[in-house]
Amino acid sequence: MGYPPPITNLIPAKMMFVQKNILIRNYKTSVFTFLILFFISALSIVMNGYFFGSETQGTLMVIQKHELGQNLYPKDIMTSVIPYYYTYFYKLLAIPSKLFGIDNAYFYLYFTSVYFFHIIIFYLAKLLFKKDLVSYLSTILLMVTMPTIGYETKLPIFYPRVLILPFALLAMYLFVKNRYMLAFVIIGLSMNIHIITAFPVFLMFMLYFALFYRKIGTKTISKCVALFILFSMPLIYWQLNIPNVNIVAPKDWLEIIKIKFSHHVAPFSWGFPNWMRGFSFILIFLLSMQYKPDREKNLKIITFISAIIIMVVAATFFYYVIPITQLMALQFWRSTNIFGIIAMIYSSNYLLNLYKKEFQYKLATTGLCASLFMANFKGVLLFLILILAFNFRK
């Protein structure tokens, strides 16, 4: 008569069974999450609209058609700008545009970019706060096109910036996870598509490295910078083969900038509503710091925001005091949209924690959440003041 197997032989089998169940459960959860984010992305496009050939995209379409060999506008002035329009975006889109048509290719890639944007927002929020509810609320609040100080969080038109923003956020996600080299590879590649979105993120990373170089190590920093240069080399090579541009902006060029791009580079010309939005984002972010992530992750996010502040101060100085062509072209004020995205993630955690309090906080939190979702910044300020009043009463 045989004896039963020793209990020690059953433990590995039981562990394998438990691990298998965990994997299946995680897989089902991931599929559910991706389906929800797909629905949020589709609803976002329905709510914000999608436009093809409108605004600047209509003008830039000449470049796309030029890449397809459809020289319909041989005398168009835009063809003379192509050597100075530093992006491989239109070359990259040439193949899908030939296969599906320009309008279809642009929409498919726009939808994919919006979907990828929401996926990264979800996982960045989860990395910081470790709560699915915070992640879902972050993606919901960022469904709508939300104007920040110098730029919007989302655009209803497919530009190079729309394609690259999710990758810039992915690089930030990896950087926060200490995957430094991969983060620099992604941001280096992104430079070839949209330098205005990618370069500020590179500077955010470099500020953290500069402040904590002893902790990171010079060897790691050197490798990261080398990878960034290597993967952004196509753009660097392109720029080096173009005749030198004046460092100090010529007066006629400066006049064109004032007429066409003041909403990106001239903060003193912006109206009160713009600054009210900016103040709302700053105030809600500061209040959200009451419930911040763990120290190391929060320190990286604060460093990113500090870099944005330094960039916008420098951009203002080198526009109004000493107009430097290259710095004006980088339009650092547009990096405030990254601050807006970070503020919404922190705000989501703040709102969920605030909702756990007394009834008056629940009421104010609901109003604040609705105001943020509708991008009604008068309402945002009103409910923030109400919450501050509740805090002072205590």
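So, here's what we can say about the structure.

On to the packing of helix 7 (residues 132–141) against helix 19 (residues 336–354), then. Their axes nearest at 8 Å, the elements helix 7 and helix 19 cross at an angle of 125°. By the angle between their axes, helix 7 is oblique relative to helix 19. Crossing of helix 7 over helix 19 shows right-handed handedness. Touching L133, V134, L137, S138 and L141 of helix 7 are M344, I345, S348, N349, L351 and L352, all from helix 19. For the contact of helix 7 with helix 19, a count of residues per class yields 8 nonpolar, 3 polar and no charged.

This brings us to a nonpolar patch on the surface. A contiguous nonpolar surface patch, about 550 Å² in accessible area, is contributed by I95, L99, F100, F107 and Y108. Counting only elements with at least two residues in the nonpolar patch, the list comes to helix 5 (94–100) and helix 6 (102–129). When residues in the nonpolar patch are grouped by element, the largest group, 3 residues, is from helix 5. Looking at the element boundaries, L99 is found in helix 5.

This paragraph deals with the packing of aromatic side chains. In this structure the tally under the stated criterion is 44 aromatic pairs. Look at F268 and Y320: their rings are 4.7 Å apart centre to centre, the planes differ by 25°, and that puts the pair in the stacked class. Note that F268 is positioned in the loop between helix 15 (262–265) and helix 16 (272–288) and Y320 in helix 17 (residues 295–320), a separation of 52 residues in sequence. For F268, a relative accessible area of 64% corresponds to the exposed category. Of the aromatic side chains, those joined through ring pairs into one cluster are F175, Y180, F184, F199, F202, F205, Y208, F209, F212, F228 and F304. Lying across the ring of Y361, K357 places its NZ or CZ 5.0 Å from the centre. The ring of Y355 carries K362 above its face, with NZ or CZ at 5.5 Å from the centroid.

This brings us to the nonpolar core. Soluble, globular proteins show a tendency: their nonpolar side chains are buried together. Core analysis: the biggest nonpolar cluster contains 86 residues, and F175, F205 and F209 have the highest contact counts within it. The greatest single-element share of this core, amounting to 11 residues, is contributed by helix 19. Excluding anything up to four places from it in sequence, F205 contacts A171, M172, F175, A183, F184 and F304. L93, V114, F158 and Y159 belong to the second-largest nonpolar core, a separate cluster that totals 23 residues.

In this structure the tally under the stated criterion is 6 salt bridges. Note that D132 and K126 form a salt bridge whose closest N and O atoms lie 3.0 Å from each other. Its relative accessible area of 31% is what places D132 among the partly exposed residues. Taken together, the salt bridges that share partners define one network made up of K130, D294 and K297.

What follows covers helix 9 (residues 180–191). Relative to the 16 Å expected for 12 residues at 1.5 Å per residue, helix 9 spans 17 Å between its end C-alpha atoms, a close match to the ideal helical length. The buried fraction of helix 9 is high, at 9 of 12 residues. Inspection of helix 9 places Y180, A183, F184, V185, I186, I187, G188, S190 and M191 among the buried residues, and these make up the whole buried set. Among the structural elements, helix 8 (160–176), helix 10 (195–211), helix 11 (213–216), helix 12 (218–231), helix 13 (233–240) and helix 17 are those in contact with the buried residues of helix 9.

Analysis parameters
Residues numbered from 1 in each chain as written. Predicted model: local features only at pLDDT ≥ 70, side-chain atom pairs only at ≥ 80, totals over all residues. Heavy atoms only, no water. Axes fitted to C-alpha atoms, helices over the stretch in contact; angles between N-to-C directions. Helix = DSSP H or I, 4+ residues; strand = E, 2+ residues; numbered from the N terminus. Parallel < 35°, antiparallel > 145°, perpendicular 65-115°, else oblique. Left-handed = near helix turned anticlockwise from the far one by under 90°. Contact = heavy atoms within 4.5 Å. Nonpolar A, V, L, I, M, F, W, Y, C, P; charged D, E, K, R; others polar. Patch = residues over 30% accessible without salt bridge, like charges linked within 9 Å, V, L, I, M, F, W, Y side chains within 5 Å. Areas by Shrake-Rupley, 256 points an atom, 1.4 Å probe, with all protein chains shown as cover. Salt bridge = Lys/Arg side-chain N within 4 Å of Asp/Glu carboxyl O. Phe/Tyr/Trp six-rings, centres within 6.5 Å; stacked < 30°, edge-to-face > 60°. Buried < 20%, exposed > 50% of the residue type's maximum accessible area, 1.4 Å probe, protein only. Lys NZ or Arg CZ within 6 Å of the ring centre and 35° of its normal. Core = buried A, V, L, I, M, F, W, Y, C linked by side-chain atoms within 4.5 Å. Expected span 1.5 Å × (residues − 1).

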